[in-house]
Amino acid sequence: MSRKINNEKDDCRDPEEAQKRKSYSGKFADLHLHTNFSDGTYPPEILVKVAGKAGLSCIAVVDHDTVSGVAIAQEASRSSGIEVLAGIEMSSEYEGLEIHILGYLIDCQNKNLLERLEILKINRIERIYKIADKLKGLGVQLEAEGIFKIAGGGTVGRLHVARAMVKEGLVSSIGEAFYKYIGDKCPAYVLGFKLSPAEAITLIKDAGGIPVLAHPYTIGNDDIILKIIEGGIMGLEAYYPKHSQGMVNFYLDLAKKYSLLVTGGSDCHGEAKSEAKIGSIKIPYELVEGLKRAK
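What you see is a predicted model, and the numbers here were worked out from it, not measured in a lab. Residue positions within a chain follow its written sequence, with the count starting from 1. Only residues with pLDDT of at least 70 get local features here, since the model is predicted, and only at 80 or more are side-chain atom pairs given and counted; chain-wide, interface and lining totals rely on the full set of residues. For the side-chain quantities, the full set of heavy atoms in the structure was used; hydrogens and water were omitted.

Visitor: Which residues make up the packing of helix H9 (residues 222-230) against helix H10 (residues 245-257), and what values do they have?
Guide: Fitted lines through C-alpha atoms serve as axes, helices being fitted only where they are in contact, and the angles separating the N-to-C directions of these axes extend from 0 to 180 degrees. Helix and strand assignments follow DSSP, with helices taken as H or I runs no shorter than four residues and strands as E runs no shorter than two, numbered in order from the N terminus. For the pair H9 and H10, the least separation of the axes is 12 Å and the interaxial angle reads 35 degrees. In this structure, H9 meets H10 at a crossing whose hand is right-handed. Residue-level inspection shows Asp222, Ile225, Leu226 and Ile229 of H9 in contact with H10, the latter providing Phe250, Tyr251 and Leu254. Charged means Asp, Glu, Lys or Arg here, nonpolar means Ala, Val, Leu, Ile, Met, Phe, Trp, Tyr, Cys or Pro, and polar covers whatever is left, Gly included. Here the contact of H9 with H10 is built from residues that sort into six nonpolar, no polar and one charged. Should the near helix be turned anticlockwise from the far one by less than a right angle, the crossing is termed left-handed; should it be turned clockwise, right-handed. Should any heavy atoms of two residues lie within 4.5 Å, those residues are considered in contact.

Here it is, written out as structure tokens:
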């Protein structure tokens, strides 16, 4: 069952603005989707097809630390009428926490961005070897090569580790792999991202994009969120499957207080996280227009 977010305002008195709202009434977007170029299971062209079946007008491909799937998704969308925004989800770290920064409407050919993504790709490979070593120290025998095989050339991450553990019969589910071994602060967890939130924000802005703090509930520290806001973030992902209504309201109020954009999405990874379906979070197209105006 999907959650549609109604963001219409009854007191819009600007005729031009009212006409714009009317033109995209009934149009919805999911701005947090992954492909098999990172840790999703859908190829970009399949992602677009599934998005169409979910009744979406617009999606954003925000793979972890790569933009390789964006152009393929945009090409596939030409015949479907679905708008595909160029995006990314960049991994950073601050005070021992993993913090994800979404980038929307970026230039996927930006030289500085691509150079830094190559460094992050190496960081991610090194991280997998460290995780495998930690697992072995816990008596869990999992070879790094098996993890890379599942990743299939995409940017490799913990979800690939979890899938490999399930495949080898080391855990019964992806969820068990995370809460028992590789989740944040678990015994086989490794941080390993040599990028700060401020650096990620700057990279995205320099690539012409809009930086947005992903799933802020995962940070678990409102003071850090405020520091990221002070560091130049331009938006908050207020609408997210694991955000309670109270959390959504809190982040909406925070966005209003600091004049930030608001986004949302399902964080769909295909069959790797089958509970997170494309379109399970549907935000009004009005919020996409907000991103475009900000750019």
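Visitor: Describe helix H3 (residues 70-77), listing the residues and the values that go with them.
Guide: Residues of H3 that are buried: Val70, Ala73 and Ser77. All buried residues of H3 project into a common sector of 70 degrees when viewed along the axis, lining one side. Those residues of H3 hidden inside the fold are in contact with helix H2 (44-53), strand S3 (58-61) and strand S4 (83-94). The cut-offs for exposure are 20% and 50% of the maximum accessible area for each residue type, with area from a 1.4 Å probe on protein chains only; residues under the lower value are buried, those over the upper are exposed, and the others partly exposed. Read the arc as the range of directions from the helix axis to the C-beta atoms.

Visitor: Help me get a handle on the pattern of salt bridges, residues and values and all.
Guide: It is possible for side chains of opposite charge to pair when their charged atoms get near one another. Definition used for salt bridges: Asp or Glu carboxyl oxygen within 4 Å of a side-chain nitrogen of Lys or Arg. Counted by the stated rule, this structure contains nine salt bridges. Lys180 is the salt-bridge partner of Glu176, the closest N and O atoms lying 3.8 Å from each other. Linking Glu176 with Lys180, this pair stays in helix H7 (residues 174-182), spanning four residues, or about one helical turn. For Glu176, a relative accessible area of 13% corresponds to the buried category. One network of salt bridges, in which partners are shared, links Glu98, Arg127, Arg158 and Asp184.

Visitor: Describe the nonpolar core, naming the residues involved and giving the relevant values.
Guide: The biggest cluster of nonpolar side chains holds 69 residues, and the ones touching the most others in it are Leu31, Ile59, Met90, Tyr104, Ile106, Leu213 and Ile278. Once residues within four sequence positions are removed from consideration, Leu31 is found in contact with Cys58, Ile59, Ala60, Val62, Leu85, Tyr104, Thr263, Gly264, Gly265, Ile283, Val288 and Leu291. Membership of the second largest hydrophobic core comes to 21 residues, among which are Leu135, Ala144, Val156 and Val171. Only buried residues count toward a nonpolar core. Its members are Ala, Val, Leu, Ile, Met, Phe, Trp, Tyr and Cys residues joined through side-chain atoms within 4.5 Å.

Visitor: Kindly report on the pairing of strand S2 (residues 28-33), identifying the contributing residues and their values.
Guide: Judged by how many residues are buried, S2 sits mostly within the fold: six of six residues are covered. Strands were regarded as paired on the criterion that DSSP finds at least two bridges between them. With three bridges joining them, S2 and S3 adopt parallel strand pairing. Looking at S3, one finds that Leu33 is bridged to Val61. Once the chain exits S2 it traverses H2 before rejoining the sheet at S3, and the crossover so formed is right-handed. Classification remark: right-handed applies to a crossover when, strands pointing away from the viewer, the course from the first strand over the helix to the second runs clockwise.

Visitor: I'd like a description of the packing of aromatic side chains, backed by residues and values.
Guide: For Phe, Tyr and Trp, rings pair up if their centres lie within 6.5 Å, where Trp contributes its six-membered ring, and each pair is then called stacked (planes under 30 degrees apart), edge-to-face (over 60) or tilted (otherwise). Under the defined criterion, the tally for this structure stands at three aromatic pairs. Taking 5.4 Å as the distance between ring centres and 65 degrees as the angle between the ring planes, the aromatic pair formed by Tyr129 and Phe148 counts as edge-to-face. In this pair, Tyr129 is assigned in helix H4 (residues 111-137) and Phe148 in helix H5 (residues 144-151), connecting sequence segments 19 residues apart. Look at Tyr129 and you get partly exposed, because its relative accessible area is 38%. By definition, being over a ring means that NZ of Lys or CZ of Arg is both within 6 Å of the ring centre and within 35 degrees of the ring normal. Across from the ring centre of Tyr285, 4.1 Å away, lies the NZ or CZ of Lys27, which sits over that ring.

Visitor: So, the pairing of S4: which residues are in play, and what are the values?
Guide: Residues in a regular strand project their side chains so that they alternate between the two faces of the sheet. Most of S4 is tucked away, with nine of its twelve residues classed as buried. For S3 and S4, the ladder comprises four bridges, and the chain directions are parallel. Within the sheet, the bridge partner assigned to Cys58 lies in S4 and is Glu83. Pairing of S4 with strand S5 (residues 97-104) involves eight bridges; the strand directions are antiparallel. Paired with Gly87 across the two strands is Tyr104, which belongs to S5.

Visitor: Summarise the environment of Ser280; cite the residues concerned and give the values.
Guide: In this structure, Ser280 sits in the loop between strand S8 (261-264) and strand S9 (281-284). For the pair Ser280 and Leu105, spaced 175 residues apart in sequence, the C-alpha to C-alpha distance is 22 Å. There is a polar contact of 2.8 Å between the side chain of Ser280 and the backbone oxygen of Lys277. Think of a polar contact as two N or O atoms within 3.5 Å of one another; within protein, one of them needs to be a possible hydrogen donor and the other a possible acceptor, and neighboring residues in sequence only count if both atoms come from side chains.

Visitor: Give a description of the environment of Pro187 that names residues and reports values.
Guide: One can find Pro187 in the loop between H7 and helix H8 (197-206). Pro187 sits 49 residues away from Leu138 along the chain, and the two C-alpha atoms are 8.1 Å apart.

Visitor: Can you break down unusual backbone geometry residue by residue, with the values?
Guide: For Leu105, which is not glycine, the phi dihedral falls at a positive 60 degrees. As for its position among the elements, Leu105 is in the loop between S5 and H4. For Leu105, a relative accessible area of 15% translates into the label buried. A positive phi angle, near 70 degrees, is found at Lys185, a position not held by glycine. Within the element layout of this structure, Lys185 appears in the loop between H7 and H8.

Visitor: Which residues make up the side chain of Asp63, and what values do they have?
Guide: Relative to the assigned elements, Asp63 resides in the loop between S3 and H3. Counted as positive: Lys and Arg. Counted as negative: Asp and Glu, with His and the chain ends omitted from the count. This buried residue, Asp63, is left without a salt bridge; Arg124 holds the nearest opposite charge, at 9.7 Å. Setting aside residues no more than four positions away along its own chain, Asp63 makes contact with Leu33, His34, Thr35, Phe37, Ser38, Ile88 and Glu89.

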